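# Close look at the chain arrangement
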Amino acid sequence: MHSYLTLDVTPEAMGSFFEATAELYERSPWRLFPSNGHLFQVTCSALGFRKWAGAVLGQGGESYGVLLFDSPAAFDRYVELGEMASRNAVMFPLAVPRHRAISFDPKRALPPSLRREIEQHQWRVARGDAYPSPMLIEPDMSLAPPAESDLRRLEAVARVLVQLIDAVPDLPQRWDGGEGLRKRFRVPVQGQEVSITISLVMEPEEELPGVEEDFPAEQRIPNALRQKVESLMAAIDPFCRDRLDGEYRQLCYAAVAALARKRPSPLLGGREASWCAGVVHAMGMVNFLFDRTQTPHCKATEIYAYFGVSDQTGQSHSKKVRDLLKIGQLDPQWTRPSRMDSNPVAWLVQVDGFLLDARRLPLEFQIEACALGLIPYVPALRAQGGNAED
């Protein structure tokens, strides 16, 4: 971006945005929101947005700003795609949810043309690395210039966050008890007052009882979905025990828990039998369950018959599961541990722009890749009878 005054944005409108964001920066919201996963929601009928989900960035001391998504579910998809790309050391050709951002950058990071505009119009900038930029991020991660209506919305979010911080001095503690918070404020936006509702997104999570020994502790489910997950796993467990194995059971639970954590959870709609068949079939597709040369193996029709669903229903729910969780063939996250050695995708890392098989790299590179979560373990150490922790 070489000019703030794009499309129909006037110097006066941009000056109002700079004023609002300077006030926000001075209140250091990243010190009050425990992490970028602690979301808020904002609604403003006058400006045409409803239940936008916002994430405050900067808790780690860099990349200060605010991200705004159409819903908490869109934010979750954004995070999932980012984790997938990081885990595999490459960017997948998957579209991220379109979102908006207020980014704060140091003066040295701005092109000279932007610095000249700020000085020419004497727009207010807070002390520090507080030069704001309004952004629209497209699904391909390209930036689109904001229109005046976009700028008004971003300014409104900045101003309502300022109001919230000033009105609730104990904001960091509001997440501890899961009590929630919802406020309505009237804020000035380019000289006109609008009413905005802001709330904290509260989702206290609780671990599913009876699975602590079988599944990683980080696989938690929202308390409201606890009974649903128990019911689904009560139906899936016997099939895994009788026809599959413990690895499939672990993957099925991980998939059900991930679906339960989505906001809103798709598990709240549809028959449980359909979701059970879909989850088992999706895990089977990733791991070649339907190949007779594999152990264990079974036919897809056996899964549908066991759960009492039609072929069409089983196939459609399998696709729903794979689409919702962004699961692809040979996806390392959903590969059985015993098949990881034969999964070529699990070992691909990017070195100097080239995709290489980590198993053929020197030991020190393998150790570093494993520490970064790019590969599941250190092949060279396992071959020597050791492990990465040694």
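Residues numbered from 1 in each chain as written. Predicted model: local features only at pLDDT ≥ 70, side-chain atom pairs only at ≥ 80, totals over all residues. Heavy atoms only, no water.

If you tally the helices and strands in the chain, you get 11 helices and 12 strands. When the 390 residues of the chain are sorted by exposure, 47% land in the buried category. Sequence separation of at least 24 residues holds for 63% of the intrachain contacts in the chain that already meet a minimum separation of 6. Entry remark: accessible area of the chain is about 19,200 Å², with carbon and sulfur atoms responsible for 49%. (Helix = DSSP H or I, 4+ residues; strand = E, 2+ residues; numbered from the N terminus. Buried < 20%, exposed > 50% of the residue type's maximum accessible area, 1.4 Å probe, protein only. Contact = heavy atoms within 4.5 Å. Areas by Shrake-Rupley, 256 points an atom, 1.4 Å probe, with all protein chains shown as cover.)

What follows is about the confidence of the model for the chain. Across the chain, the average pLDDT comes to 82, with 77% of residues at 70 or higher. Low confidence marks residues 89–93, where pLDDT is under 50. Its contacts with residues over four positions away, or in another chain, come to 9 contacts. Below pLDDT 50 for its whole length, residues 386–390 participates in 5 contacts with residues either more than four positions away or in separate chains. (pLDDT = per-residue confidence, 0-100.)

Here the focus is the environment of Glu148. Position of Glu148 among the secondary structure elements: in helix H4 (residues 148–167). Each C-alpha atom of the pair Glu148 and Thr10 lies 7.8 Å from the other, and the pair is 138 residues apart in sequence. In contact with Glu148, not counting residues within four places along its chain, are Asp8, Val9, Ala13 and Gln190.

Looking now at a positive patch on the surface. On the surface, a cluster of positive charge is contributed by Arg50, Lys51, Arg182 and Arg184. Of all elements in the fold, only strand E2 (49–57) and strand E7 (182–189) reach the threshold of two or more residues within the positive patch. (Patch = residues over 30% accessible without salt bridge, like charges linked within 9 Å, V, L, I, M, F, W, Y side chains within 5 Å. Salt bridge = Lys/Arg side-chain N within 4 Å of Asp/Glu carboxyl O. Lys, Arg positive; Asp, Glu negative; His and termini not counted. Charge placed at Lys NZ, Arg CZ, Asp CG, Glu CD.)

Any two side chains of opposite charge can pair, so long as their charged atoms come close to each other. Here the structure, examined in full by the defined rule, presents 14 salt bridges. Among the ionic pairs, Asp242 bridges to Arg241, the shortest N-O distance being 3.5 Å. In terms of burial, Asp242 and Arg241 fall into one category: exposed. In the salt-bridge network here, residues are joined through shared partners; they are Glu19, Glu26 and Arg124.

Pairing is antiparallel in the open sheet, where 8 strands are placed in the order E6-E5-E4-E3-E2-E1-E8-E7. Only two strands of the sheet have a single partner each, and these edge strands are strand E6 (143–144) and E7. Note: strand E3 (residues 65–69) against strand E4 (residues 99–105), 4 bridges, orientation antiparallel. Residue pairing for E4: Leu67 is matched across the bridge by Ala101. Helix-sheet contacts for H4 involve strand E1 (40–44), E2, E3, E4, strand E5 (131–137), E7 and strand E8 (192–200), and the interaxial angle to E7 is about 125°. (Pairing = 2+ DSSP bridges. Axes fitted to C-alpha atoms, helices over the stretch in contact; angles between N-to-C directions.)

Turning our attention to the packing of aromatic side chains. In this structure the tally under the stated criterion is 16 aromatic pairs. On the basis of an interplanar angle of 85° and a centroid distance of 5.3 Å, the ring pair of Tyr4 and Phe18 is categorised as edge-to-face. Residue Tyr4 is found in the segment before helix H1 (11–26), and its partner Phe18 is found in helix H1; the two are separated by 14 residues along the sequence. Pair check on accessibility: Tyr4 and Phe18 agree, each one buried. For the ring pair Phe239 and Phe307, a centre distance of 5.8 Å and an interplane angle of 45° mean the geometry is tilted. Taken together, the positions of Phe239 in helix H5 (residues 226–243) and Phe307 in helix H8 (residues 300–307) put the pair 68 residues apart, joining distant regions of the chain. (Phe/Tyr/Trp six-rings, centres within 6.5 Å; stacked < 30°, edge-to-face > 60°.)

Packing of helix H6 (residues 246–261) against helix H7 (residues 272–286) leaves a shortest axis separation of 10 Å and a crossing angle of 125°. By the criterion of interaxial angle, the relationship of H6 to H7 is oblique. For H6 against H7, the interelement crossing comes out right-handed. Within the contact between the two elements, H6 uses Tyr248, Leu251, Cys252, Ala255, Val256 and Leu259 and H7 uses Trp275, Val279, Val280, Met283 and Gly284. Looking at the contact of H6 with H7 residue by residue, the class counts come to 10 nonpolar, 1 polar and no charged. (Parallel < 35°, antiparallel > 145°, perpendicular 65-115°, else oblique. Left-handed = near helix turned anticlockwise from the far one by under 90°. Nonpolar A, V, L, I, M, F, W, Y, C, P; charged D, E, K, R; others polar.)

So, about the pairing of E8. The pairing of E1 with E8 spans 4 bridges and is antiparallel. Opposite Thr43, over in E8, you have Thr197 as the bridge partner.

Let us now look at the pairing of E4. Counting buried positions along E4 gives 6 out of 7 residues, so the element sits mostly inside the fold. Summarising the sheet, E4 and E5 pair through 7 bridges and their orientation is antiparallel. For Arg100, the partnering residue across the bridge sits in E5 and is Leu136.

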